[in-house]
Amino acid sequence: FSFWMELGFSKNILREGQGTTSPLKGCSATIHYLGQLEDGTTFDDTLKLGRPFKFNVGRAEVIVGLDNLVTTMKKGEKCSVVFPPSLAYGESGLPPFIPSQATLKFEVELVDFSNDIDLGSDLIKTLLSNGPEWERPSYESKCTVHLKCYSSSESYINTFELQRPAVVTIGVDVLFSSGIEKCLKTMSKGERAILSVKQGSSYAPIGDTVAMKLIGSEESPEEFVNVTIPSTDLYFEIQLLDFVKERAGWELNGYEEKYSQALQRKNDGNQFFTRLNYEAAIKKYKRAIDIFNYTTEFTDEQLKSSEQITFTCYLNMSACYLKLTQWKEAIKASTKALELDDKSAKGFWRRGTALMELGEIERAYKDMKVAHQLSPKDAQVRAAYIKLQKLFQEQQKKEQSTFQSVFEQF
């Protein structure tokens, strides 16, 4: 039977498909198709080529008509369809095969499809429904979500049943799995999906208790509930109800707004540092610094305050890099900090520590000597200074001995 689709084309079903589900935008679909001009001229035939065509639905990998068509089909279904130029190649055509403003005829068979999307590292996202829009949340977006977390034997939290969505800020709020954040950044408003997280993967929960922020009533706009998730194979059913993107530094107006946002990001970075999440902390510190790259005219006092936040972020970044044993990055960050405050004992100590790890003993000793002069009572600085003083002296003796040996040969 045939009918006119609301999507703008006529479709004639030649063979019914199986099941009740259809491909969703974002999934992969495999089809056989015969493409012809109105006069019957064939321009493509996958059956004749001997291999089906696989593409990602809704990703502009095929003409709009085919993208829309497969979302109406069931697995095994075969149909004929006529696409107007607006759903095909339009005014430009596809020379020399398809002329301008051509109406196209297709016979299409949906061979297979999968609504499972591999996000990497044992993360599988299964699409349940698409949202009406394509814009997606990004880092620091504030998301309103429904979330159900369950294993094969137990349910741990279900905001669908509570009828109270959760509020999650990507890159700020600690969730059961960082895989949820990764999944959210692939979702559009209104989309619903199930995220599968395998035990033992890098995204698997470790049995921590997490305080989830739920939307409350008018009397109590927000409420936190503690949820403990075990370390096991887990499923997270997620619906992205809404999100608000964090504005970039250049979008912020005036010093007060820039300073407030930078301070918040610095504090968020400090929280990540205390949780031993050094990569996330570094990202926050960098975002705080970035805000002041879009300055207009600051007063001397405002400039001093902004430089203080920038200095602290660079200094804290150097501490993160030391924890991650990324010595060169630690040197870069501490050097940036020292450019803003050359009286920072911590800056010299951290750079000296990184230089020592890289075997640059003379430079490390010079930095640690300054750190000791600036903070003589600091036990950690003093111990490092004594250690480097000894290493530097040993290096000098070794160099003198080598030089003397070479000199004696002459």
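Note that the structure is predicted; figures quoted are calculated from it, not measured.

**Observations regarding the nonpolar core**
- With 61 residues, the main nonpolar core has F176, L184 and F236 as its most contacted residues.
- The next biggest cluster of nonpolar side chains, apart from the first, holds 44 residues, and it includes A280, C313, L355 and A364.

**Digging into the pairing of strand 10 (residues 142-150)**
- Burial analysis of strand 10 places seven of its nine residues in the buried class, the great majority of the element.
- Direction of pairing for strand 10 relative to strand 12 (residues 166-169): antiparallel, over a ladder of four bridges. Along strand 12, the bridge assignment pairs K142 with T169.
- Judged from the nine bridges that link them, strand 10 and strand 16 (residues 234-244) form a sheet pairing that is antiparallel. Paired with C143 across the bridge in strand 16 is F243.
- Joining the antiparallel neighbours strand 10 and strand 11 (residues 155-158) is a turn of four residues.

**A few points about the side chain of E181**
- Among the secondary structure elements, E181 is positioned in helix 4 (residues 178-184).
- Within the buried core, E181 has no salt-bridge partner, and the shortest N-O distance to an opposite charge, that of K185, equals 5.9 Å.

**Concerning the pairing of strand 11**
- When strand 10 meets strand 11, the two strands line up antiparallel, connected through three bridges. Bridging across to strand 11, C149 finds its partner in I157.

Rules and cut-offs
Residues numbered from 1 in each chain as written. Predicted model: local features only at pLDDT ≥ 70, side-chain atom pairs only at ≥ 80, totals over all residues. Heavy atoms only, no water. Core = buried A, V, L, I, M, F, W, Y, C linked by side-chain atoms within 4.5 Å. Buried < 20%, exposed > 50% of the residue type's maximum accessible area, 1.4 Å probe, protein only. Helix = DSSP H or I, 4+ residues; strand = E, 2+ residues; numbered from the N terminus. Pairing = 2+ DSSP bridges. Lys, Arg positive; Asp, Glu negative; His and termini not counted. Salt bridge = Lys/Arg side-chain N within 4 Å of Asp/Glu carboxyl O.

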